[in-house]
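Results of the structural survey
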Amino acid sequence: MRRRDLSGLAALWLVAVASPDAFGGTFDSRGQYQKDPAAAAYLDFSSPPERYLPPDAEMKCEPPMFQIETLEDALDGTGALRLDVVPDCAERLLIQLPAEQGSYRATAWMRHGSLNARIVVEYTEASGLPSTVAKLFPTGRVTSDGWVELASNEFSVAGAQVERAYIRLVSFAGVAGVDLDAVEVGSLGEFNPQKACTGQADFACGPDAVCIAQQCVPGQAYVPVLPHDAIRDDMVDMLASRLRLFFGGRQSRAEFLPDALAEVEGMRTAKTAWQFWNGFATAVHRLHDWHTSVRGGPDAPRPPSGRLNACFFEGDADSSQGSWPKDPRYHDILVSHVGPDAAGLKPGDRLVAIDGVHPLDWVGSLIAVDWGFHSATDPDNFADWAERLGGPSWTGGGLILKYATSFTVIRCDSATMTCSDIPETVTVADLPPATGGDDIACDNRPSYHLSTNIPSESNHYVFWDIFRGPIADTTPSEAIFGMVWDNLFGGGDPNGYVNTQIQDATAEWKAGARGVILDHRAGNGGTLDAAENLTKLVRPLETAAVTRMPIEIAGDEGPADAAEGQAIFDKFKTSHGYDIGDPGHDPLLPVALILHRDGSASDYMPFGMKGAPKVRIFGPHATAGAFSTFIEFTYWNGLGFALASGDTIASTGQPLIGRGVAPDEVILPRQSDLLAGKDTLHEAALSWVRQELKP
Amino acid sequence: MSRRRGHAASAAVAIVLACALSPGCGEERGVNPVPLSGTNTPDPVPTPPADAGPVKRTISLRNPLGGPAGNLFADGDFELSALPEGQSGQYGWRAFNDTGTAELSIKVETGGLCRTGLRCAVLEPATILFARGAAAAGGNGHVASLWIKMAPGDACDAARVLLVFCDTFGILKKLSSEDEPNADGWCEYGGVLPPKDSSVCLYLESHLSAPGLLDSAVLGPDDGTVSPHSGVIWPPPPDTSARMMAVREIIRRRMRFGPPFGQ
């Protein structure tokens, strides 16, 4: 009996070590690595590898960031590479691939620390081909002496046109560097040529690729391999449990979590790596939360050929609804402001369709395509979607350029104050390339209204800066001051830039202003200290809410009713209070707050302002309702995700997440105002402040 | 529960299939879910033929996301918290200097050097680690465990492991351990907690003489299926309290209410 068992085990072992189902090589019965004899390329580091240094590499990246180590426990032979890559640099080791067309999978083994590795194939300029990228991720195979197998999915190479191929390496988190051995490129056979496409609605790319900037990008190049059957359910269980235990608050869990978990369940039966990992990305997107996101994922191998240097926002197309009616669910989409190369668009022009559907419906269709997909938590807020249509990709925008085939506009004439009756459809591939000038950032502000210290109208780069001064076209006796800013990151530092600016501003306004206009139309949030500080201008001290986050009790669905919420507030108002106001506030100073796309600390700030006797909030709709913080998770090679976690309970007992702060005056930018060079929301705010001037 | 049993059964089948279909068999297939207590012994592995010579290494297949799935620590297995030098964020694990006044990067070990999963933390001397967690739902109490591979010569009390309220840092329990590491050099720390209505986190001070390893931190509902260490009530000395408050200040004051990932 014993002999039979041993025989069976030995047979099993031989099957195991010799199986052709390996990602790369195999192990012999002693655990010695055996490379795939058919490997197309192999680096065992028995001798120094040839490195590639790009001509534009920084000086600090020029010296070799590796050495050959002689190790008893090298994976193959006795040589391994010890990497110690300088921060913000990468090491590149050349790989010789066959000159014919082929399809490959790369594997490598690393240990000690962490390693971001990718295969990069660059083609000759004459070929016109963009680079091929294939990232390597863990397969789950490890050795008892610390080696971890990394593997890419399949990638195709047009061998005859290759300029160079290399493995790009970034090491970190090792005590004394990161070991690398047995870099192997195995031949898989069938060559899949690079394909062009028109947009995400184009089926040319097939189910496992994404059309980005008119190029089919294989999704598998950016995600880990399909997990082995033996660990797949455990991996799905783990991901599902992070969502189930840690995500959200009362409204977001009730409304969005079930759909997300159903999407995760689908990962169990995924047939391809892209289906599996894109399934998880889609699940995260289905959580429909302002703080919740994935990172990594496919990217265009080269930027779009054309430029659409324009910004869009929600508005009221009062000059063109006769020729194209308003959508029953969504606001109209208007051009807010433009830079050079904007396809002839001007402020007040109207974007009526992308690929034949309403622009916001089109953004919603990207949920399983765009890994940067991002939603407000409040289900009735689409400001983030509108803002991302235009602007540069480096600010998270540029969706039309990346994913659309065509878009349809109604052009208007500011001289005659009329709009065309005939929509015009523009093909994205026909957009001309950039001719110069700054990329225009999208901040939902058609223009600025400070008389000094004005943000640049040529680029709208407000970002982390705070601009304040007298409001333009007002008189010194009116003493109306304003602030334009999007950043509430006080960082817990009362002497930092943001808190100092806010404290100085409020002191000046209390001393010398008769009215204030706060323009926060691209509120990126930050930390609660800055939000609290601003409220000290307008109301007495009180505890407005309690912050219960990250999620206090795993999987907590939140208070069942207002009474339960009230009990939570009462219990934690001393230890977890969101405290607003100040005894030294100015009860006579009118403060107009203009909002448009605002989330997180930029939810809390208006929440703390609203209801103060001399505050009036102007905006097109409620804020994002992102009343929580978040927990981050980082996997390998840039893949990661963040989950909103926790909720905020108001003094009324009402959980706040998922329901933004509604404006006191719901007002949309009007198309007719844009054509006349007016900023509707600012005009309304200024008018109100003038009526309410401090005596 | 029945579903979990179903998975376990299918996993048992899967391991045979895995060995039949995959190289590197001898695979440590049964590492997930991680038991809440006790050792994490790999499944029996096929033995190489007797005449093959000394075994250099064994190969196993592990869940790169760690586990167990019900872990109330956000990243107890340390699979989702490794960052390049100088980067930080609101991750499952965060490290601080020995006064708790500055955040540090965490070094990482890999593969079979770790107890579970693909990655584990290098526990350096004179550092503080903080692990994010949540309280058990349904009025359940808690069972906690954590494994540290000590530096040679260090006893298990070279690390102090506390369960604390995440927000106030009020100490809930000091996890207890054997006096000395096991034969592999690992100490297991454990403890139980009654039900809590605020989140439970882990605060750890390393007084190791040289770098060790930290892995497999698990916080689970105390549903009677395990026999954990009880842990001890532990009033902290003033210097420890000061360090804890310093860490708390960094975490609380910098808690972000804006886009993750620098978006």
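Remember, predicted model here, so these are calculated numbers, not experimental data.

What follows covers the overall build of chain B. Tallying secondary structure elements over chain B gives two helices and twelve strands in all. In sequence order, the secondary structure elements of chain B are arranged as α-β-β-β-β-β-β-β-β-β-β-β-β-α. In chain B, which comprises 263 residues, the share counted as buried stands at 59%. Contacts in chain B between residues at least 24 apart in sequence constitute 77% of all its contacts with a sequence separation of at least 6. Surface exposure of chain B reaches about 9600 Å², of which carbon and sulfur atoms provide 56%.

Turning to the interface of chain A and chain B, a few remarks are in order. The partner chain B presents 86 residues to the 97 residues of chain A that form the contact. Put simply, K571(A) and D197(B) hold a salt bridge, and the shortest N to O gap is 2.2 Å. Where chain A touches chain B, the interface holds 44 residue pairs in polar contact (both at pLDDT 80 or more). Looking at the side of chain A that touches chain B, the element that brings in the most residues is helix α2 (residues 229-246) of chain A, giving twelve residues. Each residue belonging to the side of chain A that touches chain B can be placed in one class, and the counts come to 45 nonpolar, 33 polar and 19 charged. Judged from the three bridges that link them, strand β9 (residues 132-143) of chain A and strand β1 (residues 59-61) of chain B form a sheet pairing that is antiparallel. In the strand pairing of β1(B), T143(A) is matched with I59(B).

Residue and element names in this part refer to chain A. Within the secondary structure, E387 sits in helix α6 (residues 383-389). The exposure class of E387 is buried, given its relative accessible area of 13%. A polar side-chain atom of E387 sits 2.9 Å from a polar atom in the side chain of R597.

Residues and elements named next belong to chain A. Across all of its chains, the model carries 47 salt bridges over all chains by this definition. As a salt-bridge pair, R659 and E255 come within 3.7 Å of each other at their nearest N and O atoms. Pair noted here: R659 is in the loop between β33 (647-650) and β34 (665-666) and E255 is in helix α3 (residues 250-266), with a separation of 404 residues, a long-range link. We classify R659 as partly exposed; its relative accessible area is 41%. For E255, a relative accessible area of 35% gives the class partly exposed.

Every disulfide links exactly two cysteines, by a covalent bond between their sulfur atoms. All names here are of chain A. Summed over all chains, the structure comprises eight disulfides over all chains. Across the disulfide from C61 sits C89; the S-S distance is 2.0 Å. Sign of the S-S torsion, about -75° for the bond between C61 and C89, identifies this disulfide as left-handed. Remark: C89 occurs in the loop between β5 (79-83) and β6 (91-94) and C61 occurs in the loop between β3 (41-43) and β4 (66-70); sequence separation between them is 28 residues. Taking relative accessible area as the criterion, C89 reaches 5% and is therefore assigned buried. The disulfide partner of C412 is C419, and the S-S distance across this bridge is 2.0 Å. Judged by the sign of its S-S torsion, about 100°, the bond between C412 and C419 is right-handed. Across the pair, exposure class does not vary: C412 and C419 are buried alike.

Next up on the list: a nonpolar patch on the surface. Residue and element names in this part refer to chain A. Among the surface-exposed residues, W394, F463, W464 and F489 lie close enough to one another that they form a single nonpolar patch of about 460 Å² accessible area. Relative to the helices and strands, F489 resides in the loop between β25 (480-485) and α8 (497-512). Looking at F489, the relative accessible area reads 34%, which means it is partly exposed.

This part covers the side chain of E184(A). Residues and elements named next belong to chain A. Positionally, E184 belongs in strand β13 (residues 178-189). Look at E184: it is buried, it has no salt bridge, and the nearest opposite charge is K35 at 7.0 Å. Sequence-distant contacts of E184, that is, excluding residues within four places in its chain, are made with G24, G25, Y33, K35, D36, A39, A41, Y42, R105, A106 and T107.

Mean pLDDT over chain A: 95, with 97% of residues reaching 70 or higher. Predicted confidence for residues 1-21 of chain A stays below pLDDT 50, and this span has 31 contacts to residues more than four positions away or in other chains.

Our next topic: the pairing of strand β18 (residues 332-338) of chain A. Residues and elements named next belong to chain A. In terms of residue burial, β18 counts as a mostly covered element, since six of its seven residues are buried. Looking at chain direction, strand β17 (residues 310-315) and β18 are connected through six bridges and run antiparallel. In the sheet register, A310 faces β18, and the bridge partner there is V338.

Once that is clear, we can look at α8(A). Residue and element names in this part refer to chain A. With 16 residues, α8 ought to run about 22 Å at 1.5 Å a step, and its terminal C-alpha atoms sit 22 Å apart, in line with that. Buried within α8 we find V498, N499, Q501, I502, A505, T506 and W509. Viewed along the axis of α8, the buried residues span an arc of 160°, placing them on a single side of the element. For α8, the elements touching its buried residues are β24 (466-470), β25, β26 (515-520) and α9 (528-535).

The next point concerns the sheet that holds strand β27 (residues 542-548) of chain A. Residue and element names in this part refer to chain A. Strand order across the open sheet formed by three strands is β28-β27-β33, with antiparallel pairing between neighbours. Each end of this open sheet is capped by a strand with a single partner; those strands are β28 (577-580) and β33. Pairs of neighbouring strands in the sheet enclose a mean axial angle of 30°, with direction left out of account. In the sheet, β27 pairs with β33 via four bridges, with the strands oriented antiparallel. In the sheet register, V546 faces β33, and the bridge partner there is I649.

Conventions used here
- Residues numbered from 1 in each chain as written.
- Chains lettered and ligands numbered in written order.
- Predicted model: local features only at pLDDT ≥ 70, side-chain atom pairs only at ≥ 80, totals over all residues.
- Heavy atoms only, no water.
- Helix = DSSP H or I, 4+ residues; strand = E, 2+ residues; numbered from the N terminus.
- Buried < 20%, exposed > 50% of the residue type's maximum accessible area, 1.4 Å probe, protein only.
- Contact = heavy atoms within 4.5 Å.
- Areas by Shrake-Rupley, 256 points an atom, 1.4 Å probe, with all protein chains shown as cover.
- Salt bridge = Lys/Arg side-chain N within 4 Å of Asp/Glu carboxyl O.
- Polar contact = N/O pair within 3.5 Å; in protein donor to acceptor, adjacent residues only side chain to side chain.
- Nonpolar A, V, L, I, M, F, W, Y, C, P; charged D, E, K, R; others polar.
- Pairing = 2+ DSSP bridges.
- Disulfide = S-S within 2.5 Å.
- Patch = residues over 30% accessible without salt bridge, like charges linked within 9 Å, V, L, I, M, F, W, Y side chains within 5 Å.
- Lys, Arg positive; Asp, Glu negative; His and termini not counted.
- pLDDT = per-residue confidence, 0-100.
- Expected span 1.5 Å × (residues − 1).
- Arc of directions from axis to C-beta.
- Axes fitted to C-alpha atoms, helices over the stretch in contact; angles between N-to-C directions.

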